[in-house]
Amino acid sequence: MRTFSKILTLIGSVILIGCVGYLMVGWWDEKRWAWLAIGVIVIAVNLGVVVVRLKPTPKPRDWTVDEVRAVIEPIHGELTQIRTLRRADKGLTLAKAAELVAQARITT
């Protein structure tokens, strides 16, 4: 379902960019500057959506309990430790990071 959602979002963004781009030609000829500015903003936002959706997500690395402990040891508070671990590994999901931190905290 996630892939299907991603594809539909991309198709919708591309169609919206095309439609607004077509309308902008008329707005330019009729000197409707406010609508032209709104069209530019809509296109820029949708280009951002396309870029974010096409950007590959990094694969999480395999963490050992000792490695997790070394990263989170100087940090106090479980939520801050989870956030720090996710910053260290951009591909790590929230659930997996919470599980790793919980394991590291139990064995200390």
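Residues numbered from 1 in each chain as written. Predicted model: local features only at pLDDT ≥ 70, side-chain atom pairs only at ≥ 80, totals over all residues. Heavy atoms only, no water.

Visitor: Give me the lowdown on a positive patch on the surface, citing residues and values where you can.
Guide: On the surface, Lys55, Arg83, Arg87 and Lys90 cluster together into a positively charged patch. Mapped onto the fold, Lys90 is located in the loop between α4 (78-88) and α5 (94-106). Using a relative accessible area of 62% as the deciding quantity, one classes Lys90 as exposed. (Patch = residues over 30% accessible without salt bridge, like charges linked within 9 Å, V, L, I, M, F, W, Y side chains within 5 Å. Areas by Shrake-Rupley, 256 points an atom, 1.4 Å probe, with all protein chains shown as cover. Salt bridge = Lys/Arg side-chain N within 4 Å of Asp/Glu carboxyl O. Lys, Arg positive; Asp, Glu negative; His and termini not counted. Charge placed at Lys NZ, Arg CZ, Asp CG, Glu CD. Helix = DSSP H or I, 4+ residues; strand = E, 2+ residues; numbered from the N terminus. Buried < 20%, exposed > 50% of the residue type's maximum accessible area, 1.4 Å probe, protein only.)

Visitor: Could you give me a rundown of the nonpolar core, with the residues and numbers involved?
Guide: Core analysis: the largest hydrophobic core is formed by 10 residues, namely Trp63, Val68, Ile72, Ile82, Leu85, Leu92, Ala97, Leu100, Val101 and Ala104. Only α3 (65-72), α4 and α5 provide two or more residues apiece to this core. Tallying contributions element by element places α5 first for this core, with 4 residues. Those residues in contact with Ile72 that sit more than four places away from it in its chain are Gln81, Val101 and Ala104. Counting 6 residues, the second largest nonpolar core, distinct from the first, contains Val20, Trp27, Leu36 and Ile43. (Core = buried A, V, L, I, M, F, W, Y, C linked by side-chain atoms within 4.5 Å. Contact = heavy atoms within 4.5 Å.)

Visitor: Any details on the packing of α4 against α5? Residues and values, ideally.
Guide: Their axes nearest at 9 Å, the elements α4 and α5 cross at an angle of 120°. With respect to their mutual orientation, α4 and α5 come out oblique. Considering the relative orientation of α4 and α5, their crossing is right-handed. Of α5, the residues touching α4 (which contributes Glu78, Gln81, Ile82, Leu85 and Arg86) are Leu94, Ala97, Ala98, Leu100, Val101 and Arg105. In terms of residue class, the contact of α4 with α5 is built from 7 nonpolar, 1 polar and 3 charged. (Axes fitted to C-alpha atoms, helices over the stretch in contact; angles between N-to-C directions. Parallel < 35°, antiparallel > 145°, perpendicular 65-115°, else oblique. Left-handed = near helix turned anticlockwise from the far one by under 90°. Nonpolar A, V, L, I, M, F, W, Y, C, P; charged D, E, K, R; others polar.)

Visitor: Which residues make up the pattern of salt bridges, and what are the values?
Guide: Following the criterion strictly, the structure yields 4 salt bridges and no others. Where Glu30 meets Arg32, a salt bridge forms, and the shortest distance between an N and an O atom there is 3.0 Å. Between Glu99 and Lys96 there is a salt bridge, with its nearest N and O atoms 3.7 Å apart. With Glu99 and Lys96 both in helix α5 and 3 residues apart, the pair spans about one turn of that helix.

Visitor: Please set out the environment of Val65 residue by residue, giving values where relevant.
Guide: Tracing the sequence through the fold places Val65 in helix α3. As a C-alpha pair, Val65 and Glu30 span 35 residues in sequence and 65 Å in three-dimensional space.

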